[in-house]
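Topology and contacts: notes
These are the residues of each chain, in order.
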Amino acid sequence: MDTSARPGRATALRMEGRLHVLRELHAGRIATRAELTTRLGLSRASALEITARLREAALVHEEAAPPDGRRGRPTTLLLPHPEGPLVCAVDIAHETWAVAVVELGGAVLARTTGHISSREADSVLNAVRHAVSGQLDEWGQRVRVLSVSVPGTVCGTRVVQASNLRWRDVDLSVLADLPVLAGNDATLSGLAESRRGAAVDADVALHLKIDVGLGGILVVNGAPMTGATGGGGEFGHLPFGDPRRRCLCGAHGCWDTEVDGRALARLAWQEDSAEPRAAAQRVLAAARSGDPAAARAVDSVARAFGRGVGGLVNALDPRLITVSGVATDLLAAAPESFDTAYRAGLIAFQRTSVPPVRASALGEDGSIIGAAETGFDHVLTESGITAWRAR
């Protein structure tokens, strides 16, 4: 038998084992060496060897666990190394931006925010670039990747279309001299809910976010289904609306135009709104105060949202649905209208076990948490760890 490849195979297996431990630690599924041995089925000697290697590589730090009153040798806590790798996560929204530095395990070590006064791409990117540069000066080579969330359709590092920002073909790689990753804000919010939020117990989860328009993503076993070019999840541009109404994307009859603040303002007060988020909050507040026109608008939009969710469940068959942004407020304001329309839109077999709809557990932080998760997906690979050790 040829054994010449055995050393290389052994090295690969050791790397695979260390990556498994790091991913479990990052996800919060292990916190002690004892949990490592039981969850991963390792011997005590193997756990000791793996953690020693990770400690030497400045990836994991160990310290004694506090006594728990039980007999036997106390275990050790597994923590991110204080000089370990970091991800710089960016969230560009419609009115604000945020830059965060995140360590293994998801803790935010630093955060900078700003207001968008001009939606011109150069203006926004210059402000974000300056903030990113400041964080890189502070944290140096520990920052391994920049991961960006944007409210638009993304292909690679390019925003090919962000209708409400009026962006077309904007390159995000100019933000830093680092590997740059990019994703849609609703997609990243859904990823975050599946890994750290309201959908952690679901193998197949659908996330929907209403902000300025509607977006989302189907997440299967922790991986977002982004499609062939990265445009998957643009559910707001399904033709669930009035075909006479033109959307900012250029199509007619988009679901977007029936469920966000523009629809609420149009139905409540027969006015168009250039600021859908503000309009949504005004109408929702008026409905809570007893304004009958606002209440009718909220009910109508909740029904339009429910019908569309039913259609998506028929097509995608998720275990559950999570919602964020204005969708959370909408469901809280008109739960019966939403639920009636949702259930009426389901095909028969789905009604035997209706997928539940849950409010986001992460709220507005979902997109930046999702960006950080995408960044660590890049770091916690064989090439990422090899580059970290060779820095």
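Please refer to the structure placed before this passage.
Please read these numbers as outputs of a predicted model, since none were measured by experiment. (Residues numbered from 1 in each chain as written. Predicted model: local features only at pLDDT ≥ 70, side-chain atom pairs only at ≥ 80, totals over all residues. Heavy atoms only, no water.)

Quick notes on the sheet that holds strand β9 (residues 170-171)
The strand order across the open sheet formed by 3 strands is β7-β8-β9, and the pairing between neighbours is antiparallel. Both outer strands of the open sheet, β7 (153-155) and β9, are each paired with one neighbouring strand and no more. Where β7 lies against strand β8 (residues 158-161), 3 bridges are found, and the strand directions are antiparallel. In the sheet register, T153 faces β8, and the bridge partner there is Q161. (Pairing = 2+ DSSP bridges. Helix = DSSP H or I, 4+ residues; strand = E, 2+ residues; numbered from the N terminus.)

Some remarks on the pairing of strand β6 (residues 143-150)
Burial within β6 is extensive, with 8 of its 8 residues counted as buried. Bridge count between β6 and strand β10 (residues 180-184): 5 bridges; the pairing is parallel. When the sheet's bridge partners are listed, V148 is paired in β10 with A182. (Buried < 20%, exposed > 50% of the residue type's maximum accessible area, 1.4 Å probe, protein only.)

Some thoughts on the side chain of R262
Looking at the element boundaries, R262 is found in helix α7 (residues 261-269). Given a relative accessible area of 15%, R262 falls into the buried group. Ignoring anything within four residues of it in the chain, the contact list for R262 reads N164, G213, L248, D256, S273 and P276. (Contact = heavy atoms within 4.5 Å.)

Topic: unusual backbone geometry
Residues apart from glycine generally show negative phi values, whereas peptide bonds are mostly found in trans. Phi at N221 takes a positive value of approximately 50°, unusual for a residue other than glycine. Residue placement: N221 occurs in the loop between β12 (213-220) and β13 (223-224). Residue classification places N221 among the exposed residues on the basis of a relative accessible area of 64%. Positive phi, close to 50°, is recorded for Q270, a residue that is not glycine. Here Q270 lies in the loop between α7 and α8 (276-288).

Brief notes about the pattern of salt bridges
Charged atoms that come close allow side chains of opposite charge to pair. Under the counting rule described, the total for this entry stands at 24 salt bridges. Among the salt bridges present, the one from R18 reaches E49, with a minimum N-O distance of 3.7 Å. Of this pair, R18 sits in helix α1 (residues 6-27) while E49 sits in helix α3 (residues 44-56), placing them 31 residues apart in sequence. Given a relative accessible area of 30%, E49 falls into the partly exposed group. Here R39 and E24 are joined by a salt bridge, their closest N and O atoms 2.4 Å apart. Of this pair, R39 sits in helix α2 (residues 33-40) while E24 is found in helix α1, placing the two residues 15 residues apart along the sequence. The buried category is assigned to E24, whose relative accessible area is 7%. Through salt bridges with shared partners, a single ionic network connects R195, R196, E373 and D377. (Salt bridge = Lys/Arg side-chain N within 4 Å of Asp/Glu carboxyl O.)

Comments concerning the nonpolar core
The biggest cluster of nonpolar side chains holds 37 residues, and the ones touching the most others in it are L208, F305 and V309. Excluding its chain neighbours within four sequence positions, the residues that come into contact with L208 are L214, G215, G216, F235, F305, V309, L312, I321, T322, V323, S324 and A327. Core analysis: the second largest hydrophobic core is formed by 32 residues, L25, I30, V87 and L191 among them. (Core = buried A, V, L, I, M, F, W, Y, C linked by side-chain atoms within 4.5 Å.)

Quick look at the packing of aromatic side chains
On inspection of all chains with the given rule, the structure shows 4 aromatic pairs. A centroid spacing of 5.7 Å and a plane angle of 25° characterise the contact between F338 and Y342, whose relative ring orientation is stacked. On the criterion of helical spacing, the pair formed by F338 and Y342 is a turn pair, its members being 4 residues apart in helix α11 (residues 335-344). As far as the burial class goes, F338 and Y342 line up, both buried. (Phe/Tyr/Trp six-rings, centres within 6.5 Å; stacked < 30°, edge-to-face > 60°.)

Let's talk about the packing of α8 against helix α10 (residues 326-333)
Viewed as axis vectors pointing N to C, α8 and α10 meet at an angle of 15°, and their least axial separation amounts to 11 Å. Judged by the inter-axis angle, α8 sits roughly parallel to α10. Remark: the crossing between α8 and α10 carries left-handed chirality. On α10, the residues touching A280, Q281 and L284 of α8 are V326, D329, L330 and A333. (Axes fitted to C-alpha atoms, helices over the stretch in contact; angles between N-to-C directions. Parallel < 35°, antiparallel > 145°, perpendicular 65-115°, else oblique. Left-handed = near helix turned anticlockwise from the far one by under 90°.)

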